[in-house]
Amino acid sequence: LIAQHIKNMKASVETLSARGKNGQALERPIQYDDIAILIQSRRHLPDIEKALLTAGIPYLTTSGVGFYQRQEIYDIWNYLNFLSAPSKNDASLAGVLRGPAFGISDAELYEISLQKDGNFWEKTQNYQAKSSNLKRAIHTLNKHYQFAHRMPVNQLIVTIVNETGLIGTLKTGIYGQQRLANYQKLLELARNFDGDENTQILPDFIEFLDVLITEEPREGQAPVEASSGAVQIMTIHTAKGKEFPIVILPCLNR
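Residues numbered from 1 in each chain as written. Predicted model: local features only at pLDDT ≥ 70, side-chain atom pairs only at ≥ 80, totals over all residues. Heavy atoms only, no water.

### With respect to the pattern of salt bridges
- In this structure the tally under the stated criterion is 4 salt bridges.
- Two residues, D34 and R28, come together in a salt bridge whose shortest N-O distance is 2.8 Å.
- When its relative accessible area of 5% is taken as the criterion, D34 is described as buried.
- Among the residues examined, R28 registers a relative accessible area of 27% and is labelled partly exposed.
- Among the ionic pairs, R191 bridges to E188, the shortest N-O distance being 3.0 Å. A residue pair is termed a helical-turn pair when its members lie 3 or 4 positions apart in one helix, as R191 and E188 do in helix α10 (residues 176-194) at 3 residues. (Salt bridge = Lys/Arg side-chain N within 4 Å of Asp/Glu carboxyl O. Buried < 20%, exposed > 50% of the residue type's maximum accessible area, 1.4 Å probe, protein only. Helix = DSSP H or I, 4+ residues; strand = E, 2+ residues; numbered from the N terminus.)

Printed below as a string of structure tokens:
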């Protein structure tokens, strides 16, 4: 209902009054960023986000599961964390192997874990009954490790995403546009980090990103279509002090 109502407003070219440069009231078409959806709790947030995505409506969530808690950010963080110290980050390696980059089955990971000696990376390389996917994963991880500490972080992320096929996964499905926008936002963050001459080392960026994942749960996702604005989704508490021409209050039956 919410998504359809927004689409109807746009399709019928509904207008709102806005003040021009000379202070006079002007009528102009409604834009997505004129609209705010205010929720009392985050219980219905996934349903609202899915409906807007299905309808092709760009949105920006400024409350709820934030940018740094999205799975696509975790996947890249795991990959970088493993490359920073392969012998020490077993959990990140397992996450990378079973994630969208390589798709190793849980059954094969379990078989690897049963090997007697070494850390998980050593067990993975020494495992005899490797599947074709696992062989590709080992080759790719070794290749990326060779230059991980010599390449700017943003270039490393681009290389990882392109050479593992993650770029295709990011674009797939109804959440594809949002995931791709989040990936581009992460790249911009890495570019700014690389711009500091004193913090170009991979472990420093991983620690920096880890702090953000832990301490910035409210960081908004990247707008899918920045040029046309985006519908704002936030809790009523977060909206205090803000103004929007159009406010939608869902789930009032509760």
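### Digging into the layout of surface pockets
- Taken as a whole, the largest pocket spans an internal volume of roughly 160 Å³.
- Around the largest pocket, the lining residues are L38, I39, Q40, S41, H44, I236, L249, P250, C251, L252 and R254.
- Class assignment of the residues belonging to the lining of the largest pocket gives a composition of 7 nonpolar, 3 polar and 1 charged. (1 Å grid on protein atoms, 1.4 Å probe; cavity = no way out; pocket = protein on both sides within 12 Å on 5 of 7 lines; lining within 4 Å. Points joined across faces, edges and corners; volume = space filled by probe spheres on them. Nonpolar A, V, L, I, M, F, W, Y, C, P; charged D, E, K, R; others polar.)

### A closer look at the sheet that holds strand β6 (residues 246-248)
- Taken together, 4 strands build an open sheet; the order of strands is β4-β5-β3-β6 and the sheet is parallel. Every other strand in the sheet has two partners, leaving β4 (59-61) and β6 as the edge strands with one partner each. Taken pair by pair, the neighbouring strands of this sheet meet at an average axis angle of 25 degrees, ignoring direction.
- Inspection of the sheet shows strand β3 (residues 35-39) paired to β6 by 3 bridges, in the parallel sense. If you follow I37 over to β6, its bridge partner there is I248.
- Sitting on the sheet, helix α2 (residues 45-54) is in contact with β3, β4 and β5 (231-235), with an inclination near 160 degrees to β4. (Pairing = 2+ DSSP bridges. Axes fitted to C-alpha atoms, helices over the stretch in contact; angles between N-to-C directions. Contact = heavy atoms within 4.5 Å.)

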